[in-house]
Amino acid sequence: MGFNRKDLLGIRDLEKSEIEYILELALSLKEINARSIKKVPTLRGKTVVHLFYEPSTRTRTSFDIAAKRLSADTYSITGSTSSMVKGETLLDTLKNLEAMQVDVFVVRHSASGAPQMLAKHTPSSVINAGDGMHEHPSQALLDMLTIQEHKKRLDGLNVVIVGDIFHSRVARSNIWGLRKMGSRVTLCAPATLIPPHIEDMGAEVCNRLEDCLPDADVVMVLRLQKERQQQMLLPSLREYSTYYGINPARLKKAKPDVMIMHPGPINRGVEISPEVADGPYSVILDQVTNGVAVRMALLYLLAQR
Amino acid sequence: MGFNRKDLLGIRDLEKSEIEYILELALSLKEINARSIKKVPTLRGKTVVHLFYEPSTRTRTSFDIAAKRLSADTYSITGSTSSMVKGETLLDTLKNLEAMQVDVFVVRHSASGAPQMLAKHTPSSVINAGDGMHEHPSQALLDMLTIQEHKKRLDGLNVVIVGDIFHSRVARSNIWGLRKMGSRVTLCAPATLIPPHIEDMGAEVCNRLEDCLPDADVVMVLRLQKERQQQMLLPSLREYSTYYGINPARLKKAKPDVMIMHPGPINRGVEISPEVADGPYSVILDQVTNGVAVRMALLYLLAQR
Amino acid sequence: MGFNRKDLLGIRDLEKSEIEYILELALSLKEINARSIKKVPTLRGKTVVHLFYEPSTRTRTSFDIAAKRLSADTYSITGSTSSMVKGETLLDTLKNLEAMQVDVFVVRHSASGAPQMLAKHTPSSVINAGDGMHEHPSQALLDMLTIQEHKKRLDGLNVVIVGDIFHSRVARSNIWGLRKMGSRVTLCAPATLIPPHIEDMGAEVCNRLEDCLPDADVVMVLRLQKERQQQMLLPSLREYSTYYGINPARLKKAKPDVMIMHPGPINRGVEISPEVADGPYSVILDQVTNGVAVRMALLYLLAQR
């Protein structure tokens, strides 16, 4: 039982029992954020470095809030910062910071596998905060925590993930996690946005939203990056929106207790309509709240080793 | 009496008694900054987010110092940060951060009214740190605190504001504030830099500095943004400086106890000469010192609700 | 004895006894970084501002970690920040921040002498974190601490500095420091990268690595900035690397206990080969670790005055 790893690199690596342990801990830490004094001394004197080679507001701020509410000291190194510009290798940057006694590195990088490579070369802990098209484990954990809170379970559910599966590390981490927990995952997107062989991960594919929406307990809507249109993966945003956008008309065919999720930032009117994003089925802001709790749990587990 | 608002959006909204209350509290918090240990635990465990969509060194740092000296945790989100680039709406950015349990948002935005809009949609507190050409209430409060310290009163004074009134939220907030406190405000600038109907706010207009300077108890010099020349609002900086620049020769016609103020950053040699900026009438750095005290008072009042 | 200055501007100004005092203090503070709780309350309520007009990851982060591990509050102002863009003078920026009650300014600037000028005009302490081609005193102090740890002394050593001496403030600070401590310093580089009259500082010059490497107790390898090639100071990086790059073949002619140092960030394969950078003679990461300790000592000495 428990969680005895040095790093949190992906959901794929985790045992079901480890996921359960993290979620349970997150739930117990969550209430700190609801207090008037939202701070505990648990990680006082610990050093957390955010090493973000891709831009990010929400994930970095969420980790930063999580760290500071546990009283850790935090530092941010971003991709535009000088030593990268000066041509230092990623690993040299890490080793240098490590020599300043860092407990946890929170790493985001556009190259799939970068956090794994770093973790292998440092005794410090590494949390993958999103690597290329590979994994974004803290997102999947917060998604699972949110589903569990609303559905009281993580097994036996039908989860439909709609959108750009091809480029989505959020989708991949959720497929690994939800399959481990015993739920069914269906991926819905135009064929150009579904990666080949994705069924090998245990997910099913469905090209028409009409076919999979009625059975869904949970719909995860992915952000559609507008660049995809220029890359010829989509005929037009409008057509995408017509066939795959989640709007009130479409939700009429869904279960009455369907949950609508989105990892954010949302494109209102593209992949999700404002009525749905702000409506009664949406748990989008619950996801954000749970994000802080999950990241507190991860930092708690790793920084105290 | 006291101050029981959720937000501080503008001076226009405030009662005279509220202004007095804030200034009194600021004065009592000010001495913390003069201590050897410049920190009190008052806002420990509170979360303050600086949401700055316009660049700013001094205002953001002043709020940040104020927050940390009260032991709050602070986070900065700036206009170039990723989720804005990704096309998220301003309100979605706010709602997301709010879901991470933010006590106070300190907001600067180039659009007049943006902080007001945000305040309406969040239970968190919002402090307007400057919105477009509308208001910059913490600046007016620190200006009033500085005048009160030097003149021992805020009523019955002649305050002359010189410079680009048209684009100045500092001028607008000061007009509201000083009129409420019972002082006379005269605006002095070339006609192109005076907004129409500004007299409706209770201020007087004077186009020649020679006419209003002799009676002034306080002269607030506004920063002249060099871009204004390109916008054809000014014939040349040199001509502006000749007619409206505050220099020692001009001050010979002023009262012997005249106060020279400037919200900064100053353009030495344009709207103010170095001799005046660094001279005995200048209280420019007192304003900066009082800025921290006023912002401590505002955060104290709002974060503890 | 001890250290009773307001500022730390350069090694040139320091007495030998002051250097010894700082290194001794750094050594005693160093163990804080090895604790599980890496934090002491020594500088609680102190305000440290990083004023960095040149980009820097490692130096700024090192100072920031040093400050926070002593519990100071820190703020970063960088060259791209607004008030500089708005045309405020360097001194006005300093005076404004000083008015917010800053204990220590850590200043990096591309203009040689900038920190000295600022120090003269403020009662706050100023630490030079690198000014133009002039000095980088905290780097020389961490270099000396690292040499002392490995060689158990700082006198009677042969130190060879290899690389772009002309543009290097690191070289200059180390020459001042190592000469004061009683060691011999030899500078080795192509003639175009050796400044005229450098011998007046007490250093010797050697153009061929083969001539000075065999006697070296310590080799400090400087970063070669690739821009130098465009400035016609170097025929090609490859030629530089052939004649001055530190690689295993070359080290065969060195003493068996030679120390290889580098201030970083390193250009692998240019001035230093990966085998040497990661090899048994390299103390590059020890330098980084000692950097935090030295900066803790400096902040401790200056912030508590």
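Residues numbered from 1 in each chain as written. Chains lettered and ligands numbered in written order. Predicted model: local features only at pLDDT ≥ 70, side-chain atom pairs only at ≥ 80, totals over all residues. Heavy atoms only, no water.

### Some words on the overall build of chain A
- Tallying secondary structure elements over chain A gives 13 helices and nine strands in all.
- Relative to the compact-globule value of 19 Å for 305 residues, chain A shows a C-alpha radius of gyration of 19 Å, a close match.
- Residues classed as buried in chain A amount to 65% of the 305 residues present.
- In chain A, of all internal contacts separated by at least 6 residues, the share reaching a separation of at least 24 is 73%.
- Total accessible area on chain A is roughly 11100 Å²; 51% of this is exposed by carbon and sulfur atoms.
- Charged side chains in chain A number 38 positive and 34 negative. The centres of these two groups are separated by 4 Å. (Helix = DSSP H or I, 4+ residues; strand = E, 2+ residues; numbered from the N terminus. Rg over C-alpha atoms; globule rule 2.2 N^0.38 Å. Buried < 20%, exposed > 50% of the residue type's maximum accessible area, 1.4 Å probe, protein only. Contact = heavy atoms within 4.5 Å. Areas by Shrake-Rupley, 256 points an atom, 1.4 Å probe, with all protein chains shown as cover. Lys, Arg positive; Asp, Glu negative; His and termini not counted. Charge placed at Lys NZ, Arg CZ, Asp CG, Glu CD.)

### Some thoughts on the interface of chain A and chain B
- Contacts between the two partners involve 24 residues from chain A and, on the opposite side, 22 residues from chain B.
- Taken together, the two surfaces of chain A and chain B that pack against each other cover about 2300 Å², and 53% of this comes from carbon and sulfur.
- Applying the counting criterion to the chain A and chain B interface returns four salt bridges.
- Among the ionic pairs, A:K39 bridges to B:D73, the shortest N-O distance being 2.7 Å.
- Inspection of the region where chain A meets chain B yields 12 residue pairs in polar contact (both at pLDDT 80 or more).
- Looking at the side of chain A that touches chain B, the elements that each hand over two or more residues are α2 (58–69) and α13 (284–303) of chain A.
- If one sorts the elements of the side of chain A that touches chain B by residue count, α2(A) sits on top with seven residues.
- Of the residues in the side of chain A that touches chain B, the class split is eight nonpolar, eight polar and eight charged. (Buried area = accessible area lost by both parts, 1.4 Å probe. Salt bridge = Lys/Arg side-chain N within 4 Å of Asp/Glu carboxyl O. Polar contact = N/O pair within 3.5 Å; in protein donor to acceptor, adjacent residues only side chain to side chain. Nonpolar A, V, L, I, M, F, W, Y, C, P; charged D, E, K, R; others polar.)

### Concerning the interface of chain A and chain C
- Contacts between the two partners involve 22 residues from chain A, matched on the other side by 24 residues from chain C.
- Contact between chain A and chain C buries roughly 2300 Å² in total, counting both sides, with carbon and sulfur atoms accounting for 53%.
- Connecting chain A to chain C are four salt bridges.
- The tally of links between chain A and chain C comes to 12 residue pairs in polar contact (both at pLDDT 80 or more).
- At the level of elements, β2 (73–78), α3 (82–85) and α4 (90–98) of chain A are the ones that each hand at least two residues to the side of chain A that touches chain C.
- Looking at the side of chain A that touches chain C residue by residue, the class counts come to five nonpolar, nine polar and eight charged.

### As for the relation of the copies chain A and chain C
- When chain A is fitted to chain C, the residual RMSD is 0.0 Å, and the transformation amounts to a turn of 120 degrees plus an axial shift of 0.0 Å. Each copy turns onto its partner about a three-fold axis. When C-alpha distances to the rotation axis are compared across chain A, the minimum falls at A:D73, with a value of 6.3 Å. (Least-squares fit on C-alpha atoms with pLDDT ≥ 70 in both.)

### Comments concerning the side chain of C:H50
- Position of C:H50 relative to the elements: it lies in strand β1 (residues 47–52).
- Setting aside chain neighbours within four positions, we find C:H50 in contact with C:R60, C:F63, C:D64, C:T74, C:Y75, C:S76, C:I77 and C:V106.

### Re helix α10 (residues 237–244) of chain B
All names here are of chain B.
- Where α10 is concerned, the buried positions are L237, Y240, S241 and Y244. Here the buried residues of α10 occupy an arc of 100 degrees about the axis, which is enough to place them on one side.
- Of the surrounding elements, those touching the buried residues of α10 are β5 (158–162), β6 (184–188), α8 (209–212), α9 (227–230) and α11 (248–251). (Arc of directions from axis to C-beta.)

### Describing the confidence of the model for chain A
- Mean pLDDT over chain A: 94, with 97% of residues reaching 70 or higher.
- Listed scores for the predicted complex are pTM 0.96 and ipTM 0.95. (pLDDT = per-residue confidence, 0-100.)

### What about the sheet that holds strand β8 (residues 218–221) of chain C?
All names here are of chain C.
- Across the sheet, which stays open at both edges, the five strands sit in the order β7-β6-β5-β8-β9 with parallel pairing between neighbours. Every other strand in the sheet has two partners, leaving β7 (204–206) and β9 (259–261) as the edge strands with one partner each. Strand-to-strand twist across the sheet, computed as the mean angle between neighbouring axes with direction ignored, equals 25 degrees.
- Relative to β8, strand β5 (residues 158–162) is paired through four bridges, and the arrangement is parallel. In the strand pairing of β8, V160 is matched with V219.
- Along the sheet, helix α6 (residues 137–151) contacts β8 and β9; its crossing angle with β9, the most-contacted strand, is approximately 165 degrees. (Pairing = 2+ DSSP bridges. Axes fitted to C-alpha atoms, helices over the stretch in contact; angles between N-to-C directions.)

### Quick notes on the sheet that holds strand β4 (residues 125–131) of chain C
All names here are of chain C.
- A sheet is described by the order of its strands in space; here four strands give the open sequence β2-β1-β3-β4, paired in parallel fashion. Every other strand in the sheet has two partners, leaving β2 (73–78) and β4 as the edge strands with one partner each. Neighbour-to-neighbour, the strand axes of this sheet turn through a mean angle of 15 degrees, independent of strand direction.
- Pairing of β1 with strand β3 (residues 104–109) involves five bridges; the strand directions are parallel. Paired with F52 across the bridge in β3 is R108.

### Quick look at helix α1 (residues 16–30) of chain C
Residues and elements named next belong to chain C.
- With 15 residues, α1 should reach 21 Å at 1.5 Å per residue; the first-to-last C-alpha distance of 21 Å fits that figure.
- For α1, the set of buried residues is E18, I19, I22, L23, L25, A26 and L29. An end-on view of α1 places all buried positions within 165 degrees of arc, on one side of the element.
- Of the surrounding secondary structure, the elements contacted by the buried residues of α1 are α6, α7 (169–181) and α13 (284–303). (Expected span 1.5 Å × (residues − 1).)

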